[in-house]
Amino acid sequence: MTEETRFIPVRQVDVPGCRVTIGDGEPTLFLGGRVRIGTARGNELRPESDTVSRHHCVLVRRPDGWLLRDLESTNGTRIGGARIRAGILDSPCSFLVGEVPLRFEPTSERIEAEDSGGDRLGDMVGRSPAMRALF
């Protein structure tokens, strides 16, 4: 007798991210694990100010929150008036990059995910329900 495995496709997936607001502007949603902040091209967030370095700081998603790390900027990254090199942000807060105020809010966005119907993703191969859910 053969045993049949039934796969129930995942229709929605929670994706960790954050919202960052420059000053009084509109928040920008970032999904994924990293937000580079600075004036140089290639940064995900580019505040316009002479007090912000080209590669000022970075937010990196970790299991315990978001790591905010200064990248040896000229004018520093500050939380509550204290200049920091690194800190974990695990709740909404404000900080300064140079003299520019930023508002940070961790979030999780629910997105629609369709079952690809395939048994591989890149170099990974699998037919089990666990692997299909991962794909």
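Residues numbered from 1 in each chain as written. Predicted model: local features only at pLDDT ≥ 70, side-chain atom pairs only at ≥ 80, totals over all residues. Heavy atoms only, no water.

Caption draft 1: Region of the structure containing the overall build of the chain. Secondary structure summary: the chain contains 1 helix and 12 strands in total. When the helices and strands of the chain are read in sequence order from the N terminus, they spell out β-β-β-β-β-β-β-β-β-β-β-β-α. Taken across its 135 residues, the chain has 31% of its residues classed as buried. Roughly 9000 Å² of accessible area belongs to the chain as shown, and the carbon and sulfur atoms make up 47% of that amount. (Helix = DSSP H or I, 4+ residues; strand = E, 2+ residues; numbered from the N terminus. Buried < 20%, exposed > 50% of the residue type's maximum accessible area, 1.4 Å probe, protein only. Areas by Shrake-Rupley, 256 points an atom, 1.4 Å probe, with all protein chains shown as cover.)

Caption draft 2: Quick look at the side chain of T21. Among the secondary structure elements, T21 is positioned in strand β1 (residues 12–22). When neighbours within four sequence positions are excluded, T21 is seen to be in contact with E26, P27, P101, L102 and R103. (Contact = heavy atoms within 4.5 Å.)

Caption draft 3: Expanded view of the nonpolar core. With 19 residues, the main nonpolar core has I37, L59 and F104 as its most contacted residues. Elements with a minimum of two residues in this core: β1, β3 (34–37), β4 (57–62), β5 (65–70), β9 (93–97) and β10 (100–112). (Core = buried A, V, L, I, M, F, W, Y, C linked by side-chain atoms within 4.5 Å.)

Caption draft 4: Quick look at the sheet that holds strand β8 (residues 86–89). One open sheet holds the 4 strands; their spatial order is β3-β4-β5-β8, and the pairing between them is antiparallel. This sheet does not close on itself; its edge strands, each paired only once, are β3 and β8. Across the sheet, the mean angle separating the axes of adjacent strands is 20° when strand polarity is ignored. As paired strands, β5 and β8 are joined by 4 bridges and run antiparallel to one another. (Pairing = 2+ DSSP bridges. Axes fitted to C-alpha atoms, helices over the stretch in contact; angles between N-to-C directions.)

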